[in-house]
There are 2 protein chains.
Amino acid sequence: MNELEPEHLKSAGLKSTLPRLKVLDLFKNGQERHMSAENVYQLLRDSGDNVGLATVYRVLTQFEQAGLLVRHNFEGGKSVFELNEGTHHDHIVCMQCGHVEEFYDSAIESRQKKIAADRGFTIHDHSLHIYGDCTKTKCPHRR
Amino acid sequence: MNELEPEHLKSAGLKSTLPRLKVLDLFKNGQERHMSAENVYQLLRDSGDNVGLATVYRVLTQFEQAGLLVRHNFEGGKSVFELNEGTHHDHIVCMQCGHVEEFYDSAIESRQKKIAADRGFTIHDHSLHIYGDCTKTKCPHRR
DNA sequence: ATGCAAATGAGAATGATTATCGTTCGTGTC
DNA sequence: GACACGAACGATAATCATTCTCATTTGCAT
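Keep in mind that this is a model prediction, so the values were computed, not measured. (Residues numbered from 1 in each chain as written. Chains lettered and ligands numbered in written order. Predicted model: local features only at pLDDT ≥ 70, side-chain atom pairs only at ≥ 80, totals over all residues. Heavy atoms only, no water.)

K.L.:
I'd love a proper account of the overall build of chain A, names of residues and values included.
P.N.:
In terms of regular secondary structure, chain A is built from six helices and six strands. Put simply, chain A runs from its N terminus to its C terminus through helices and strands in the order α-α-β-α-α-β-β-β-β-α-β-α. Across the 143 residues that make up chain A, the buried fraction comes to 43%. The contacts in chain A between residues at least 6 apart in sequence include a share of 47% that link residues at least 24 apart. Surface exposure of chain A reaches about 7,900 Å², of which carbon and sulfur atoms provide 48%. (Helix = DSSP H or I, 4+ residues; strand = E, 2+ residues; numbered from the N terminus. Buried < 20%, exposed > 50% of the residue type's maximum accessible area, 1.4 Å probe, protein only. Contact = heavy atoms within 4.5 Å. Areas by Shrake-Rupley, 256 points an atom, 1.4 Å probe, with all protein chains shown as cover.)

K.L.:
Give me the protein's contact with DNA strand D: which residues, what numbers.
P.N.:
Near DNA strand D lie 20 residues; those nearest to it are Thr17(A), Asn50(A), Thr55(A), Arg58(A) and Tyr57(B). Looking at DNA strand D alone, sugar and phosphate atoms form 75% of those within 4 Å of the protein. Contact between DNA strand D and Ser16(B): a phosphate oxygen at 3.2 Å from a main-chain N or O atom of the residue. Mapped by element, the contributors of at least two residues to the surface near DNA strand D are α2 (18-29) and α4 (53-66) of chain A together with α4 (53-66) of chain B. (Near = heavy atom within 4 Å. Polar contact = N/O pair within 3.5 Å; in protein donor to acceptor, adjacent residues only side chain to side chain.)

K.L.:
Outline the sheet that holds strand β2 (residues 69-72) of chain A, supporting the account with residue identities and numerical values.
P.N.:
All names here are of chain A. Spatial strand order, β1-β3-β2: three strands in an open sheet with antiparallel pairing. In this open sheet, the two strands that pair with only one neighbour each are β1 (35-36) and β2. Sheet topology places β2 next to strand β3 (residues 80-83); four bridges connect them, and they run antiparallel. Paired with His-72 across the two strands is Val-80, which belongs to β3. (Pairing = 2+ DSSP bridges.)

K.L.:
Can you explain the sheet that holds strand β1 (residues 35-36) of chain B? Please cite residues and give values.
P.N.:
Adjacent strands of a sheet form backbone hydrogen bonds with each other and so pair up, either parallel or antiparallel. Residue and element names in this part refer to chain B. Spatial ordering of the open sheet is given by β1-β3-β2, a layout of three strands whose pairing is antiparallel. Each having just a single partner strand, β1 and β2 (69-72) make up the two edges of the open sheet. Pairing of β1 with strand β3 (residues 80-83) involves two bridges; the strand directions are antiparallel. Across the sheet, residue Met-35 finds its bridge partner in β3, namely Phe-81. Against the sheet, helix α2 (residues 18-29) contacts β1, β2 and β3, and its axis sits at roughly 75° relative to β3. Running over the sheet, α4 touches β2 and β3 and is turned about 110° from β2. (Axes fitted to C-alpha atoms, helices over the stretch in contact; angles between N-to-C directions.)

K.L.:
Which residues make up the pattern of salt bridges, and what values do they have?
P.N.:
All told, the structure shown has 16 salt bridges over all chains when counted by the stated rule. Residue Arg33(A) is joined to Glu82(A) by a salt bridge in which the shortest nitrogen-to-oxygen separation is 2.8 Å. With Arg33(A) in the loop between α2 and β1 and Glu82(A) in strand β3, this residue pair connects regions lying 49 residues apart in the sequence. In this structure Arg33(A) comes out as partly exposed when scored by relative accessible area, which is 27%. Arg119(B) is paired through a salt bridge with Glu101(A); the nearest N and O atoms lie 3.8 Å apart. (Salt bridge = Lys/Arg side-chain N within 4 Å of Asp/Glu carboxyl O.)

K.L.:
Any chance you could break down the interface of chain B and chain A for me, citing the residues and the numbers?
P.N.:
The interface of chain B with chain A comprises 35 residues on the first partner and 35 residues on the second. Summed over both partners, the interface of chain B with chain A comes to about 3,100 Å²; 59% of that surface belongs to carbon and sulfur atoms. On inspection of chain B and its partner chain A, the count reaches four salt bridges. Elements supplying a minimum of two residues to the side of chain B that touches chain A: β4 (90-94), β5 (100-103), α5 (106-118), β6 (122-133) and α6 (135-138) of chain B. (Buried area = accessible area lost by both parts, 1.4 Å probe.)

K.L.:
Describe the relation of the copies chain B and chain A, with residues and values.
P.N.:
Superposition of the two copies of the chain requires a rotation about an axis and a shift along the axis. Between chain B and chain A, which share one sequence, the superposing operator has a rotation angle of 180° and an axial displacement of 0.1 Å; the RMSD is 0.2 Å. A rotation of that kind, with that shift, is consistent with a two-fold axis. The C-alpha atom lying nearest the rotation axis in chain B is that of Leu128(B); the distance is 2.2 Å. Most of the interface of chain B is mirrored in chain A, where 100% of its interface residues are also at the interface. (Least-squares fit on C-alpha atoms with pLDDT ≥ 70 in both.)

Rendered as structure tokens:
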């Protein structure tokens, strides 16, 4: 088990509880960068921790509101979270294997700003997801 | 009640049944361009038609597969459909009032193609949603 | 007009997420 | 370091959108 980091929680205005530390540790030191509530729940269970699924959902939502995590609504109905490292990026998702890659394109970003401005919108957020097949090169990632 | 158009269904390989004609009519001649299954169900109910919610879901999915409608997964968990008029476009959604505007930006489209190609992906689909406030100009549209 | 497969409607079932509630834990105070 | 109190937890029930099941009805070719 890696060392835990209560400072991150405190600075986010959250009490430093065991389930919260476990979840945060999973995102900071775990294998997967993108995880659903169910993923997190299973991983904690597998490592012998007795956490409730409801708590996982609560904690993920709190972390999102605190800015520690970012939530993505990919196709398939379930929310996926990743660590918020400040650097905004969008996602390209393989529909065969579920593999996710990240990208950032400043041209796209600035076009979006212009589009919103032209229409009198103040942007809160945006999501760009490209769905496709990565078959050619690296699709042994099974879903 | 407007005249119905069985040709559209036939040419899509679908039997021309009453519920299907009603749903298609709603999208072609109704007030709202973007509708969820629940919206469609309620509107048909309100106009005195006895359709089942399950049928609405089935028909919307069939229409999507037939290319008559396009499905969007905005934030909020429910799928929204609109008539497929061949012209691809993305959406900017007001988070205060739910108002939706459409846009198309060829620069963004071509950047997306390039990004996917660079990573060895074959694009199936993509979704770009900008979420913001349209407060300044036209936010009397209530949710 | 007749028949049969396809489509429908009502309601049960499912999957993800949220709410409820009695119990436990974290933290400031003595 | 023990106490107290409210916040957080875990189990489970409830909710919401969507899909499935199945008996009944309907579209359409004969």
